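Here is how the chains run, residue by residue.
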Amino acid sequence: MRFSPEGSHGANAGLKHARDFLEPVKAKFPWITYSDLWILAGVCAIQEMQGPTIPYRPGRTDKDAAACTPDGRLPDAAQGTKHLRDIFYRMGFNDQEIVALSGAHALGRCHTDRSGFDGPWTFSPTVLTNDYYTLLLNEKWHIRKWDGPQQFQDKTKGLMMLPADYALIQDKAMRPWVEKYAKDNDLFFKDFASVVTRLFELGVPFKPDTETMTFKPTNA
Ligand code: HEM
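Every value quoted in this text rests on a predicted model; they were computed, and no experiment measured them.

A. Structural view of the overall build of the chain. Of the regular secondary structure elements, the chain holds eight helices and five strands. For the chain, the N- to C-terminal ordering of α and β elements is α-α-α-α-β-β-α-β-β-β-α-α-α. Relative to a compact globule of 220 residues, whose C-alpha radius of gyration would be 17 Å, the chain shows 18 Å and is just as compact. Seen through its principal axes, the chain has C-alpha atoms that stretch 50 × 35 × 35 Å. Taking contacts inside the chain between residues at least 6 apart in sequence as the whole, the part at least 24 apart equals 65%. Carbon and sulfur atoms make up 56% of the accessible area of the chain, which totals about 12200 Å². Charged side chains in the chain number 27 positive and 27 negative. The centres of these two groups are separated by 2 Å.

B. Expanded view of the nonpolar core. In terms of nonpolar packing, the biggest core is built from 49 residues, with L128, Y132, Y133, W141 and L168 touching the most fellow members. Looking at this core, the elements with two or more residues in it are α2 (34-48), α3 (81-90), α4 (95-102), α5 (131-138), β5 (160-161), α6 (163-166), α7 (175-183) and α8 (185-201). Sort the elements by how many residues they give to this core and α8 lands first, with seven residues. Setting aside residues up to four positions removed in sequence, L128 forms contacts with I46, M49, Q50, G51, P52, G103, A106, L107, F188, F189 and F192.

C. Region of interest: the pattern of salt bridges. As enumerated under the stated definition, the model contains 12 salt bridges in all. The shortest N-O distance in the salt bridge between R85 and D171 comes to 2.9 Å. Taken as a pair, R85 in helix α3 and D171 in the loop between α6 and α7 lie far apart in primary sequence, 86 residues in all. An identical accessibility class is assigned to R85 and D171; each is buried. Measuring nitrogen to oxygen at the nearest pair gives 3.0 Å for the salt bridge that ties R144 to D118. Here the residue R144 occupies a position in the loop between β3 (142-143) and β4 (152-153), and D118 occupies one in the loop between β1 (109-110) and β2 (119-120), the gap between them amounting to 26 residues. Connected through salt bridges with shared partners, the residues R85, D95 and D171 form a single ionic network.

D. Highlighting the coordination of the iron atom of the ligand. Among protein atoms, the single one acting as a donor to the iron atom of the ligand is H105 (NE2), 2.1 Å away. For H105, the location among the structural elements is in the loop between α4 and β1.

E. Inspection of α3 at higher detail. Restricting attention to buried positions, one finds in α3 the residues T81, H83, L84, R85, I87 and F88. Just downstream of α3 lies G92, where phi reads positive at about 90 degrees.

F. Structural view of the side chain of N12. Positionally, N12 belongs in the segment before α1 (15-28). The contact partners of N12, leaving out residues within four places of it in the chain, are M1, E6, G7 and L74.

G. Main features of the site of the ligand. Not every one of the 20 residues close to the ligand is listed here, only the nearest: H105, G108, R109, H111 and S115. The contact in question runs from a nitrogen atom of the ligand to an N or O atom on the side chain of H105, over 2.9 Å. Within the contact set of the ligand, an oxygen atom lies 2.6 Å away from a side-chain nitrogen or oxygen of H111. When contributions to the shell around the ligand are tallied by element, the ones reaching two or more residues are α3, α4 and β1. Of the residues that constitute the shell around the ligand, the class distribution is 12 nonpolar, five polar and three charged.

H. Region of the structure containing a nonpolar patch on the surface. Together, V25, F29 and W31 line one region of the surface with nonpolar side chains, adding up to about 330 Å² of accessible area. Within the element layout of this structure, W31 appears in the loop between α1 and α2.

I. Focus on the side chain of S102. In this structure, S102 sits in helix α4. Residue S102 is classed as buried on the basis of its relative accessible area of 14%. Among the polar contacts made by the side chain of S102, one reaches the main-chain carbonyl oxygen of I98 at a distance of 2.8 Å. The contact partners of S102, leaving out residues within four places of it in the chain, are Y132, Y133 and L168.

Rules of the game
Residues numbered from 1 in each chain as written. Predicted model: local features only at pLDDT ≥ 70, side-chain atom pairs only at ≥ 80, totals over all residues. Heavy atoms only, no water. Helix = DSSP H or I, 4+ residues; strand = E, 2+ residues; numbered from the N terminus. Rg over C-alpha atoms; globule rule 2.2 N^0.38 Å. Contact = heavy atoms within 4.5 Å. Areas by Shrake-Rupley, 256 points an atom, 1.4 Å probe, with all protein chains shown as cover. Lys, Arg positive; Asp, Glu negative; His and termini not counted. Charge placed at Lys NZ, Arg CZ, Asp CG, Glu CD. Core = buried A, V, L, I, M, F, W, Y, C linked by side-chain atoms within 4.5 Å. Buried < 20%, exposed > 50% of the residue type's maximum accessible area, 1.4 Å probe, protein only. Salt bridge = Lys/Arg side-chain N within 4 Å of Asp/Glu carboxyl O. Donors = N, O, S within 2.8 Å, 3.2 Å for Na, K, Ca; no water. Near = heavy atom within 4 Å. Polar contact = N/O pair within 3.5 Å; in protein donor to acceptor, adjacent residues only side chain to side chain. Nonpolar A, V, L, I, M, F, W, Y, C, P; charged D, E, K, R; others polar. Patch = residues over 30% accessible without salt bridge, like charges linked within 9 Å, V, L, I, M, F, W, Y side chains within 5 Å.

Structure representation (structure tokens):
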């Protein structure tokens, strides 16, 4: 992602802000690879936003521009569950895990100058909770009338869902997982921690005996 074309793939829109934010950290601790730093930042962000503890293992190597992935391997928010399955099954994730990973959308928001979509998914976008699931199930979602990509809007018009989010409750196999996570924040945290760790460690050539580290959030 440090190089074109991967850095400018549509599905990576906005991540330049996060990469730039971490440059001073890389400058201060040049021994860490970018890849380890970005994952470590993800681990810290989840924990600082009151999410579950995520174990961290170093070992990611940095590659050059020749290693850029082809476009189209990341999810497209305008599509539904057939597409989500194509994307996530390739990486070894199942329906339950697709639903658990999507719960990260409790955090942050969409930006018109990045993805083109607009707005947050929850009322507390700096705290990881299972609100994404409760809102997805309990709010009445309608298609927003606006001059932008198709997205869903709640009654207050303050929240949004992407077509790829809304698709989860229309899918017979995925909806039961949305319901389970809406009812049980502990289950969501347990499953999210486990699946996000797998996502963070996909394809990493860990050295044997690499120590797993866990960090305490600063508010603990
Ligand atoms: C399931 C397929 C997914 C789709 C279609 C998708 C799509 C999107 C889109 C369109 C945005 C808005 C970007 C912007 O305009 O700034 C976004 C933001 C975000 N996504 Fe996803 N995403 C998916 C999965 C994930 C996963 C697996 C995670 C993490 C585990 C994640 C975490 C986030 C976060 C935290 C934001 C907010 C960024 C911000 O506030 O700037 N997403 N996603």
